Amino acid sequence: QDDFTKLANTLNALGQLVKNQIETLTHERNEKEAILESLAEGVLAVDQDLQISYANSKALQFLELDRESIGKIFSSEIHERCHELILRCQKDGCIINDAFQMKQNEQKLYVNIVVCPREKERGALLVLQDKSIHNKILEMRKDFIANASHELKTPITIIRGFAETLQDNPNLPPDTVKEVIEKIVRNCQRMTKIVKNLLTLADIENLPRFKVYQCNLCELMNNLIYTFQSIHPNVQVSNEIAKDSSLIYADAELLEVALMNLLDNAAKYSKENPHIKISIQKIPNFIQIQVSDNGIGIPEQDLENVFQRFYSVNRAQSKKVGGSGLGLSIVQTIVEKHFGKISVTSDFGHGTTFSILLADDLEVRLEDKIEQLSHL
């Protein structure tokens, strides 16, 4: 009970208090670091001497640095533009926003950057955000508007030209008038088809993904072939449907639209004596549908673009057969609504094959299994 014992107990209690406080601060720091590490944005902090005091993994990835860079000076050699913005932020003491392009692993990135000063002139905080997808979407929108305007402008110009011809020349021979009117009607039909396909595409994109039910794929395909051959009697169609691939979870109406688009394309771009082969087979977790033709084929450099809206490999041929460049976009959208994937291979001048993979179970997601099917 002497004073030394009381002092020792007090010191022990204070020591335990300090220990608990350190553990709390360590836990809070680890929690904050875990939050910062989970961000999609890059976060980097520098002190008043431009020494890097913190950087999450995303920031290191953006600036192509490693963990050993923490504690070193953020120089212009690391990134000239970021270095310049940090200096300006420290000088002006205000938040700075900027956007620029940068390269990462030979890929071009569009990056938004925010630089804000830390309290009491203790340095600056740098936040980097990848806006590449956003910019890509904007570019796709611009391309879509430009392409749609172009596709609609052409028939409108033709219709106007022929209408003015009829207006300015009321005494044209009947045969000429008939020919001009046919061209006007044909271009009106072309515009109607473009608008109809655009509306179809918009409707499909807004449909929920889970509008599926069990349907008989074999029965659906047989009905589809019957309808198709009534429209294209000169096209020979052969099919090979495995017995164990009959039942599938799908929206039968949408799937029919997708497959009819593929068959129509095969017929349009075939040579003389067109022959279409349809194959449906069961593979682990998936149903594989293939539509092959003996048509003109697709050049290798165009294969990756054929599903883009309004993209035409051969514009002259597309206009000749009435193509709008939207059919394959509709097919891809429908397949994706079914958690599936569509791919294309082609032997230019000899034919093309479109392959669709659909999960045969609602719980299966293609992205989890597709690596196993790379050999197909």
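Here, every reference points to the structure presented above.
Quantities reported herein were computed from a predicted structural model and do not represent experimental measurements.

1. Description of the overall build of the protein chain
- From N to C terminus, the protein chain includes ten helices and twelve strands.
- Here the protein chain, with 376 residues, has 36% of them falling under the buried criterion.
- Across the protein chain, the fraction of contacts at a sequence separation of at least 24, relative to all contacts at a separation of at least 6, is 59%.
- A total of about 23200 Å² of accessible surface is found on the protein chain, and carbon and sulfur atoms cover 51% of it.

2. Re helix 7 (residues 252-268)
- Compared with the 24 Å implied by 1.5 Å per residue over 17 residues, the 24 Å span of helix 7 between its first and last C-alpha is a close match.
- Within helix 7, the full set of buried residues consists of A252, L254, L255, A258, L259, M260, L262, L263, N265, A266 and A267.

3. Observations concerning the sheet that holds strand 1 (residues 42-46)
- A sheet is described by the order of its strands in space; here five strands give the open sequence 2-1-5-4-3, paired in antiparallel fashion. Two strands close off the open sheet at either side, each with one partner strand: strand 2 (52-55) and strand 3 (96-104). Across the sheet, the mean angle from the axis of one strand to that of its neighbour is 25°, orientation sign disregarded.
- Pairing of strand 4 (residues 107-117) with strand 5 (residues 124-130) involves seven bridges; the strand directions are antiparallel. Looking at the pairing, N112 lines up with Q129 of strand 5.

4. Quick word on the pairing of strand 3
- Direction of pairing for strand 3 relative to strand 4: antiparallel, over a ladder of nine bridges. If you follow I96 over to strand 4, its bridge partner there is V115.
- Taking the residues between adjacent antiparallel strands as the criterion, strand 3 and strand 4 are bridged by two residues, where N105 takes a positive phi near 50°.

5. A look at the packing of aromatic side chains
- Tallied over the full model, the rule gives one aromatic pair.
- Summarising the aromatic geometry, the rings of F307 and F354 are spaced 6.2 Å apart at their centres and angled 75° between planes, so their arrangement reads as edge-to-face. Taken together, the residues span a long stretch of sequence, with F307 in the loop between strand 10 (286-293) and helix 8 (315-321) and F354 in strand 12 (residues 351-359) at a distance of 47 residues.
- Classification of F354 as buried rests on a relative accessible area of 6%.

6. Describing the pattern of salt bridges
- Taken as a whole, this structure holds five salt bridges when the rule is applied.
- A salt bridge links R81 to D98; its shortest N-O distance comes to 2.5 Å. Of this pair, R81 sits in helix 3 (residues 80-92) while D98 sits in strand 3, and the two are 17 residues apart along the sequence.
- Taking the relative accessible area as the measure of exposure, R81 reaches 29% and is therefore partly exposed.
- Salt bridges sharing common partners tie together R81, E84 and D98.

7. Let's talk about the sheet that holds strand 12
- Pairing in this open sheet of five strands is mixed, and the strands run 7-9-10-12-11 from one edge to the other. Where the open sheet ends on each side, the last strands, each with one partner, are strand 7 (236-241) and strand 11 (341-347). For this sheet, the mean angle separating the axes of adjacent strands, direction not counted, is 15°.
- Examined bridge by bridge, strand 10 and strand 12 share seven bridges and lie antiparallel to one another. Its bridge partner lying in strand 12, Q288 is registered against L357.
- Running over the sheet, helix 9 (residues 327-337) touches strand 11 and strand 12 and is turned about 140° from strand 11.

8. Quick word on unusual backbone geometry
- At L50, a position not held by glycine, the phi torsion is positive, near 65°.
- Given the relative accessible area of 11%, L50 is considered buried.
- In this structure, E64 takes a positive phi of about 55° despite not being glycine.
- With respect to the helices and strands, E64 occurs in the loop between helix 2 (57-62) and helix 3.

Basis of the calculations
Residues numbered from 1 in each chain as written. Predicted model: local features only at pLDDT ≥ 70, side-chain atom pairs only at ≥ 80, totals over all residues. Heavy atoms only, no water. Helix = DSSP H or I, 4+ residues; strand = E, 2+ residues; numbered from the N terminus. Buried < 20%, exposed > 50% of the residue type's maximum accessible area, 1.4 Å probe, protein only. Contact = heavy atoms within 4.5 Å. Areas by Shrake-Rupley, 256 points an atom, 1.4 Å probe, with all protein chains shown as cover. Expected span 1.5 Å × (residues − 1). Pairing = 2+ DSSP bridges. Axes fitted to C-alpha atoms, helices over the stretch in contact; angles between N-to-C directions. Phe/Tyr/Trp six-rings, centres within 6.5 Å; stacked < 30°, edge-to-face > 60°. Salt bridge = Lys/Arg side-chain N within 4 Å of Asp/Glu carboxyl O.

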